[in-house]
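Listed below are the residues making up each chain.
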Amino acid sequence: MDILIYGTINSVVLALYALGFALVYGISRLPNFAHGALYVLSGFITWSLLNILGLPYLPAIILTMIITAVIGALIYQFVLIRIRGMEISEIIASYAIGLAIIESLRYFGFRGMTYTLPAFVEGSIDIGDIPVDYHRLIIVGIGLVVVLLLWLFTHYTKIGLALRGMAQDERAALMLGIDSDMMAIVAMAFGSMLAALAAILLLPLGNIVVESGYNVLILAIAVCIVGGLGSWVGSIFAAFLIGFAQILTAVYLGSHYQMVVALLAIIITLIVKPSGLFGQQKELEERV
Amino acid sequence: MLEATGLMVFYENMLALNNISIKCEKNQIVGVFGANSAGKSTLMYTLSGIMQDIRKKEKMAGGERITIHGDIFFNGKSITDTRPSRIARMGVILCPERRRIFKESTVLENLKIGGYLASRSQAKETMEYVFKIFPALKELKKRTGGFLSGGEQQMLAIGRALMAQPKILLLDEPLLGLSPLMQLTLVKATKEIRDDMGLTIIVTEQYARPVIPIVDYAFILENGAAVLEGTREELMNNPDVRAAYFGV
Amino acid sequence: PLSTAYLYGWGAERGIKLAVEEINATGGVDVGGEKRLFKVEVIDTRDLEPGVPVSDALMAVKKLILSKKADFIMGGPVRSEAALAAMPLLSKHKKISIVTTGVLTPKYHAMVKKNYDKFKYCFRIHGEAVQLVGEIMANFTELKQKHGLNKVFIIAQDVSHARGGAGFIGKVAAQKGWEVIGTEIYPTGTTDFSMGLLKAKRAGAEIINIWMDMPESAILLKQWYNMKIPALPFGSTLAAAEQPGFWKATHGKGEYTLCNVVNAGNAPSNATPWTMKFYNAYTKRWGVEPEGLGSSSSYMAPYVLKEAIERAGSIDPDKVIIELEKTDIMGVYGRLRFNPKSHQVIPGKTPEEGAVGTILQWQDGKRVVVYPKSIATGSIKLPPWMKK
Amino acid sequence: MNRQAILEVSGITKKFGGITALNNVSFSIHTGEILGIIGPNGSGKTTIVNCITGFIKMTSGKIYFKGKNITGKPAHKIADMGVTRTFQIMRPYYSLPAYKNVVIPLFSPRAKRTGGWRGGGKLGDRNTVGIDILEEIGFERDSFVPYKMASTLPTGYLKRLELARCLALKPEIIICDEVFSGLSMSEIASMVPLIERLQMDGITVIMIEHRLRELFRVANRIMVMNFGEKIAEGTADEVMADKTVKEAYFGSKEVEEVMDYA
Amino acid sequence: MEKRRKERIDRGIMVRSDSIYALMSWRELAYLAAPRMLLIIGMLLLPLVPESWNWQGTVTLVCVYAMLAISFDFLAHYIGLVSLGGAFFVGVGGYLAGILNTTYGIPPLYTIPVAALGGGVICTLLLLPCLALRGVYFAIVTLMYPLLLVRLIEALDILGGTDGLLGIDGFSNPWVEQYLVIIMVLLFLFGIRRMVNMDIGLVFRGVKDNDQAVRASGINIFYYKGLAIFIASSLGCLAGACIIYIFMWAGISLFVLDYSILPIAATVIGGAGTLVGPVLGCLILIPISELLRDFGTLRIVFYSLILVGFIVFKSEGIMVWAQRKYHQIERWTKI
Ligand SMILES: Nc1ncnc2c1ncn2[C@@H]1O[C@H](COP(=O)(O)OP(=O)(O)OP(=O)(O)O)[C@@H](O)[C@H]1O
Ligand SMILES: Nc1ncnc2c1ncn2[C@@H]1O[C@H](COP(=O)(O)OP(=O)(O)OP(=O)(O)O)[C@@H](O)[C@H]1O
Ligand SMILES: [Mg+2]
Ligand SMILES: [Mg+2]
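Below is a short write-up of the structure. Bear in mind that the values here come from a model prediction, so they are computed numbers and not experimental data. (Residues numbered from 1 in each chain as written. Chains lettered and ligands numbered in written order. Predicted model: local features only at pLDDT ≥ 70, side-chain atom pairs only at ≥ 80, totals over all residues. Heavy atoms only, no water.)

**Details of the side chain of Lys95 of chain C**
With respect to the helices and strands, the residue Lys95 of chain C is situated in the loop between helix H3 (80–93) and strand S4 (96–99). Those residues in contact with Lys95 of chain C that lie beyond four places of it in its chain are Ile65, Ala70, Asp71, Ile73, Leu90 and Tyr121 of chain C. (Helix = DSSP H or I, 4+ residues; strand = E, 2+ residues; numbered from the N terminus. Contact = heavy atoms within 4.5 Å.)

**A closer look at the site of ligand 1**
Around ligand 1, a shell composed of 20 residues is seen, among which Lys40, Ser41 and Thr42 of chain B together with Lys148 and Thr152 of chain D lie nearest. Looking at what sits near ligand 1, you find residues from chains B and D. The contact in question runs from a nitrogen atom of ligand 1 to an N or O atom on the side chain of Tyr11 of chain B, over 3.3 Å. For ligand 1, an oxygen atom lies 3.1 Å from a polar atom in the side chain of Thr155 of chain D. The fraction of the free accessible surface of ligand 1 (630 Å²) that becomes covered by protein chains is 89%. Elements supplying a minimum of two residues to the shell around ligand 1: strand S2 (14–24) and helix H1 (40–47) of chain B together with helix H6 (155–167) of chain D. A per-element tally of the shell around ligand 1 places H1 of chain B first, with 3 residues. (Near = heavy atom within 4 Å. Polar contact = N/O pair within 3.5 Å; in protein donor to acceptor, adjacent residues only side chain to side chain. Areas by Shrake-Rupley, 256 points an atom, 1.4 Å probe, with all protein chains shown as cover.)

**Side note on the pairing of strand S4 (residues 60–65) of chain D**
Residues and elements named next belong to chain D. By the bridge criterion, 5 bridges tie strand S1 (residues 5–16) to S4 in an arrangement that is antiparallel. Bridged to Leu7 within S4 is Phe65. Connecting S4 to the antiparallel partner strand S5 (residues 68–69) that follows it, the hairpin turn spans 2 residues, and Lys66 within it adopts a positive phi of roughly 50 degrees. (Pairing = 2+ DSSP bridges.)

**Quick notes on the coordination of the magnesium ion (ligand 3)**
All names here are of chain B. The protein atoms that coordinate the magnesium ion (ligand 3) are Ser41 (OG) and Glu97 (OE), at distances of 1.9 to 2.4 Å. With Ser41 in helix H1 and Glu97 in the loop between strand S6 (92–95) and helix H4 (107–114), the pair connects residues that are 56 residues apart, well separated along the chain. Considered together, Ser41 and Glu97 belong to a single accessibility category, that of buried residues. (Donors = N, O, S within 2.8 Å, 3.2 Å for Na, K, Ca; no water. Buried < 20%, exposed > 50% of the residue type's maximum accessible area, 1.4 Å probe, protein only.)

**So, the interface of chain A and chain E**
Interface size is often expressed as the accessible area that is lost when the parts come together. Of the residues lining the interface, 45 residues belong to chain A; the matching set on chain E comes to 40 residues. Both faces combined, the contact of chain A with chain E buries some 3900 Å², and carbon together with sulfur accounts for 80% of it. The largest per-residue losses of area from chain A upon contact with chain E belong to Ile88, Ile92 and Ile267 of chain A, which jointly make up 15% of the total buried on that side. Where chain A meets chain E, there are 0 salt bridges. Across the contact surface, chain A and chain E share 1 residue pair in polar contact (both at pLDDT 80 or more). Looking at the side of chain A that touches chain E, the elements with two or more residues in it are helix H4 (87–107), helix H9 (212–227), helix H11 (258–272) and helix H12 (281–286) of chain A. (Buried area = accessible area lost by both parts, 1.4 Å probe. Salt bridge = Lys/Arg side-chain N within 4 Å of Asp/Glu carboxyl O.)

**Thoughts on H3 of chain C**
Residues and elements named next belong to chain C. Between the first and last C-alpha of H3 there are 20 Å, a value that for 14 residues agrees with the 20 Å anticipated at 1.5 Å per step. Approximately 30 degrees is the largest bend angle found in H3, and it occurs at Met87, with the proline Pro88 only one to four residues beyond. Counting buried residues in H3 gives 12 out of 14 residues, a clear majority hidden from the surface. By the burial criterion, the buried members of H3 are Ser80, Glu81, Ala82, Ala83, Leu84, Ala85, Ala86, Met87, Pro88, Leu89, Leu90 and Ser91. Looking one or two residues beyond H3, the residue adopting positive phi is Lys94, at roughly 50 degrees. (Expected span 1.5 Å × (residues − 1). Bend = angle between axes of the 7 residues up to and from the residue.)

**Comments concerning the state of the cysteines**
All names here are of chain E. This structure, assessed with the given rule, holds 0 disulfides over all chains. The thiol sulfur of Cys63 is not disulfide-bonded, and the nearest other cysteine sulfur, from Cys282, lies at 8.9 Å. In this structure Cys63 comes out as buried when scored by relative accessible area, which is 0%. On the accessibility criterion, Cys282 (1% relative accessible area) is buried. (Disulfide = S-S within 2.5 Å.)

**Side note on the sheet that holds strand S3 (residues 34–38) of chain D**
Residues and elements named next belong to chain D. Taken together, the 6 strands give an open sheet; going across it, the order is S6-S7-S8-S3-S9-S10, and neighbouring strands pair in mixed fashion. In the strand order of this sheet, the two ends are held by strand S6 (83–85) and strand S10 (229–234), each with one partner. Across this sheet, the average inter-strand angle for adjacent strands is 20 degrees, counted without regard to direction. The sheet contact formed by S3 and strand S9 (residues 221–226) spans 4 bridges and is parallel. Residue pairing for S9: Ile37 is matched across the bridge by Met223. (Axes fitted to C-alpha atoms, helices over the stretch in contact; angles between N-to-C directions.)

**With respect to the packing of aromatic side chains**
Going through the model one piece at a time under the given rule, you end up with 20 aromatic pairs over all chains. Clustering of aromatic rings is evident, with ring pairs tying together Phe74, Tyr78, Phe204, Tyr223 and Tyr224 of chain E. Taking the ring centre of Phe55 of chain D as reference, the NZ or CZ of Arg85 of chain D above it sits at 5.1 Å. Here the guanidinium or amino end of Arg211 of chain D rests over the ring plane of Tyr207 of chain B, the centre of that ring lying 3.9 Å away. (Phe/Tyr/Trp six-rings, centres within 6.5 Å; stacked < 30°, edge-to-face > 60°. Lys NZ or Arg CZ within 6 Å of the ring centre and 35° of its normal.)

**A word on the coordination of the magnesium ion (ligand 4)**
Residues and elements named next belong to chain D. Thr46 (OG1) and Gln88 (OE1) make up the full set of protein donors to the magnesium ion (ligand 4), lying at 1.8 to 2.1 Å. Here Thr46 is found in helix H1 (residues 45–52), whereas its partner Gln88 is found in the loop between S6 and helix H3 (98–106), with 42 residues between them in sequence. Judged by relative accessible area, which is 11%, Thr46 ranks as buried.

**Focus on the pairing of S9 of chain D**
Residues and elements named next belong to chain D. Burial analysis of S9 places 6 of its 6 residues in the buried class, the great majority of the element. Residues Arg221, Met223 and Met225 line one face of S9 and the alternating positions Ile222, Val224 and Asn226 line the opposite face, and both faces are buried. One ladder, built from 5 bridges, connects S9 with S10; its direction is antiparallel. The residue of S10 that forms the bridge with Asn226 is Glu229. The hairpin turn running from S9 into S10, its antiparallel successor, is 2 residues long, and Phe227 in that turn takes a positive phi close to 45 degrees.

**Looking at helix H5 (residues 120–133) of chain B**
For an α-helix, the turn length of 3.6 residues means that residues three or four places apart are oriented alike. Residues and elements named next belong to chain B. Its 14 residues place the ends of H5 20 Å apart at the C-alpha level, agreeing with the 20 Å of an ideal helix rising 1.5 Å per residue. Burial in H5 covers these residues: Ala123, Thr126, Met127, Tyr129, Val130, Phe131 and Ile133. Against the buried residues of H5 lie H4, helix H6 (135–139), helix H7 (150–163) and helix H8 (180–197).

**Details of the interface of chain D and chain B**
Taken together, the 39 residues of chain D in the interface contact 33 residues of chain B. Summed over both sides, the interface between chain D and chain B buries roughly 2900 Å², with carbon and sulfur atoms accounting for 58% of that surface. Linking chain D with chain B are 8 residue pairs in polar contact (both at pLDDT 80 or more). Elements that contribute at least two residues to the side of chain D that touches chain B include exactly H6, helix H7 (185–200), helix H8 (212–218), helix H10 (243–250) and helix H11 (255–259) of chain D. Ranked by the residues each element gives to the side of chain D that touches chain B, the list is headed by H6 of chain D, at 5 residues. In the side of chain D that touches chain B, the residues fall into 19 nonpolar, 11 polar and 9 charged. (Nonpolar A, V, L, I, M, F, W, Y, C, P; charged D, E, K, R; others polar.)

**Focus on the layout of surface pockets**
All names here are of chain C. Approximately 580 Å³ is the volume found for the second largest pocket. Every residue lining the second largest pocket is counted, 28 residues in all, and those nearest its centre are Phe38, Lys39, Val40, Asp71 and Phe72. With 4 residues, helix H1 (residues 7–25) is the largest single contributor of residues to the lining of the second largest pocket. Its residues assigned to classes, the lining of the second largest pocket shows 20 nonpolar, no polar and 8 charged. (1 Å grid on protein atoms, 1.4 Å probe; cavity = no way out; pocket = protein on both sides within 12 Å on 5 of 7 lines; lining within 4 Å. Points joined across faces, edges and corners; volume = space filled by probe spheres on them.)

Listed below in structure tokens is the structure:
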């Protein structure tokens, strides 16, 4: 029972980490290694809005998402757009930007462990005999809704489809009248917004620390890859796979094997299914 | 409707298009014929603005290889330096050679993406029309594009271009890899589309016979230069052309 | 060399700078009759950051030695393995180094002891893991006697000093008649501790002993509070709870948390006459109270060095080492002497005896020192849901 | 016929998920023969090639090459035995010059053994050999075409490059998947003698084509596929007269009318 | 308007058609040899630059990263296996050398080659199951391997646990140290360049471009991929072994992301696929990183921004640009 509840929570958390990354990659084929940094940054933005400007919670959240989206768009417009399609350069550039964000946060005094966001709703409830705080339940709820919405968005709306097309063959998309530069900026803004959303949802659980940027990044990548890039269903499955693998090892093997098991799960999944759980990349590339 | 004057395209030091001027009137089917490396694809890319985009991107990455000169007009308006997505919005849609379909998306999604510029009802209508020309695609709706056979991909590529509600459709080797029956259907359909929807179509082929019955006007390219042009009858009456391109 | 972007780094940096400013204000150091001023060169080792190799910290140390021409090295590297890795480098360049923060591993002074000739340049002026365990056990005993607590559950972060400490405390506790009902080891960066806490609750734990210097430890405490786990959180190293901002950061959910800040002076108390003087000077200079476990010890290091240099009358490392070994002053956190064999500061239970540690509890938004008894300002309280 | 079958395909079935791309297809081909395979789009022609050459694992069935069972062998082993193919969706080495595209197969163990196309067991300078091969299939030697990056070559040349890559191995069987499409009349006309010469050299050729006229000129035997099944086999005239073939391949249209497009 | 275009003309000789080395005259010889000599002499002179800011340490570090960068460049741009596993190679090589040195007391100069080859074998064996992976998937698996090893070492407390291996020897003499790594870098640089221009290198490039076509040519791609991984991982392990002797330390942070990312960054700014570029990239990046140390916390911010600047303004890479300028004349011509 506890495994089920906390496994689910853990999985949704992972899924939330991954969403933004998956979106940006799925749409503009940009491995956004600044994802973790944006996550942390938006946490601090919310904090500042709450504590320095004294805004109420909801406007602060909305404002943060907008600001982060704009930052994402700016990063794209001024840096990444010039190296489109050069994947390695993109990785390095976005990683460097992430590093710059994280380190300047640190420089401006956002360091240490004293920055936190309040929970949306305080208190906890017992499910069975297991106490779960409301906030975690909210996370699961919102997380699932967001995933569903995104899936609908990318599969059924015109823009969503156009974005996916652009990711696969930019030139062909151009020929069909899809403005790829604009779209990529939209995608990046959207992805950054999702990073912000994840941060706002998840950070009240703990505190805002710059280091978590790296963890978020690694977990996000892992989830996306195991699921198969570009596959929403896959990412969700992967989040649950890794999430439950972690909780199960925590229960039966000891927490310090958590990461070992998770990493092993990733590596083995990929060896068995080289394009991730639901991906088709390898098969597509090898189709002759 | 679409007019290009004095088009010159260099790849590095190689002249791929040499001072080409072509013109096509509304509601015409214009053929562009030529052997391998005559420059047909280059012409199509240039007309649809893709070549300019490639050039821009190459320049941004450091190496400037391509030189483009000349002017392109669409309905009297210069589109020489317009972004390809804008050109497509104006109605010039290119169906490129070698079937650049969206490999990871399903057939249906491919078509829907193609319908990006179309309104909902237009898209629905056109989709039905595409399925009418290519009944095979209907069966394949749910399949992933990249797994289709060569010919099926070709059909999909053409269908997708139609979805974009073209005013001028540029077809680059549309018959490549299609079975004879499919070619026949497509050629017939092309004429039908022109007649029904009032489209203007430019089609390239190196093997002209299948399409010659439907073209109104044709250009013959050789080594990047337009060596001959004329109406169908004029060309058909030219024995050299008949031998080289129509295989009769 | 300090990892200045981290609590243990900047706390120490401020401590050292404060001391040096004070010393320089009184004219500096008397080196064989000539008055000279201390000059501080701070370099960021980044060794607490994830994703940064120890070699980067070593490059920083090298730079201090080679191009900044530092005479004495003070502070870090902060992470145990980086400090250990720096030892051969220091002895190669014959530079005296006083570790003042972070490094808790007993291996450090064990290395000096084992290979004195090679590593004699390395000193450590703050407490280490074994001493910490001793202090904590003393508190456990008190809790047992007063509140009848008997079951310990240990949660540790997956780094060597924490795991070592956890294992050690488990052994000692078991020997002393405690029931150690479980150990959970969490990898660095974990953000969900509910499974461990549930385990502890099921097993009927009464004390949760925490070894964790990662920032996420605040999550643990919040979860603990939210889940109302009937066991007292007792941090051995619990970086999050050391900072004055902890209360606000947890929205008060840090209440009752106990934590060890290694040396007195890192929280207000009256260990020695110097303690509050330091405390106030620090607060005045930096605008915050001393935070983290390295502040007071880092503050003392320049003073200790100053005296040794003055006695040696030169800055020749070998001479200074001899004098450093003879150090004996009443500092912020008690009487400071180095073990001449291992160069570890000698601990004590009372300030008169040696360097004292400090354990504090968060009570109503304040850091209340509860141990050692000789300097305590309050006593341990239990959360309401634990009262029987 | 008393000649021995060089390749024997018996009962291959291939399923992709729920789709049956090939259903129990058997045929065999003799040394030096030219077999043409035709069929509507998506009828499974390319899939047969993929199964024979080991690029995909088939669901069931067996394949014998010179009497040896090669079912399930990896692609490079099969190619090493001399069964080579072109790719319908062209796969050149885009970032290499055209002639280097041919040089790579010359590094294969098979080419080293056989000496490459026309080499009598000895390979000369590989670059020269590569350019020789290209010249043979219509890359003008003294022009700059063989030295161009493959990514800049037009479709027609890429088709021929595919064939060149096969020739470099000095194969025993060449399977051409639509090499004529994308070539102009005169270019095909220059390719036909090449194919005929291959046959004279004792090389077996399987040709998948939609250009029926040209195919019928060179092929000894035609096999017709529809919906993953073999529906007819025989000489060109035989199959064209077949009713099922007419139905599948020409639909309701007149054969003559459709042939205009082939 | 006058019609103009930029024309590019190759400078004289056919130097660019790799295998033709017809050396006609002294001028042509000089044309070919000058850049190479410049590099070799420049590298050899590096340690002699008057000491100013921990230069000597920087030089060795440059060389170590250069080896990693060459290894990355080779794998990524000649075989098409983008590996984020620089740290994996470094870690395996470093630990192997460390164990040999501490437990068996073998002196550094012998352990380095052993660790390079042995580490190469270990890494190759571990990566063999992943050879079927493509693109990003391969990159991510190689990223996961070092993390996994770290966790294993932590969790099982083997190989010195989180403290690392203690008591590793150093090089006897800073000159030995510096010239050893410099010469190794030069050897590998020219060695690998030679190799990729030889037969085998062409097959490697074929595998990168289109492995299905290589399969169709009867060539076993797994063999070539494995071989390439072995070469690259040996080089990485060599770098790892050097690192532990330079710093006299081996620990889990050998597996840290920096060792994977920095060489890639160097490759990107130096010019991907040129092999020399990565070395040049290291020559730029590492000293900058050391120079910036005075900025304390801001150092990494500046560093990252400089890096981004390089990527954005010379996105093709310095070496690619330089080679183009060297080999071609550019001028405007009328048409
Ligand atoms: N990106 C490019 N860079 C350099 N040269 C190119 C490029 N694209 C095409 N070319 C060259 O331009 C010439 C014309 O090519 P193009 O693709 O237009 O021919 P085509 O008429 O379409 O031929 P096909 O019928 O075979 O498709 C060819 O010689 C080709 O090699
Ligand atoms: N890897 C694959 N995964 C799923 N379906 C596939 C795959 N390869 C082929 N198919 C399907 O199998 C059927 C047969 O394909 P194949 O490529 O053999 O056709 P073909 O006869 O070569 O047609 P064409 O003349 O168009 O090239 C097609 O419907 C195709 O969609
Ligand atoms: Mg073309
Ligand atoms: Mg086919």
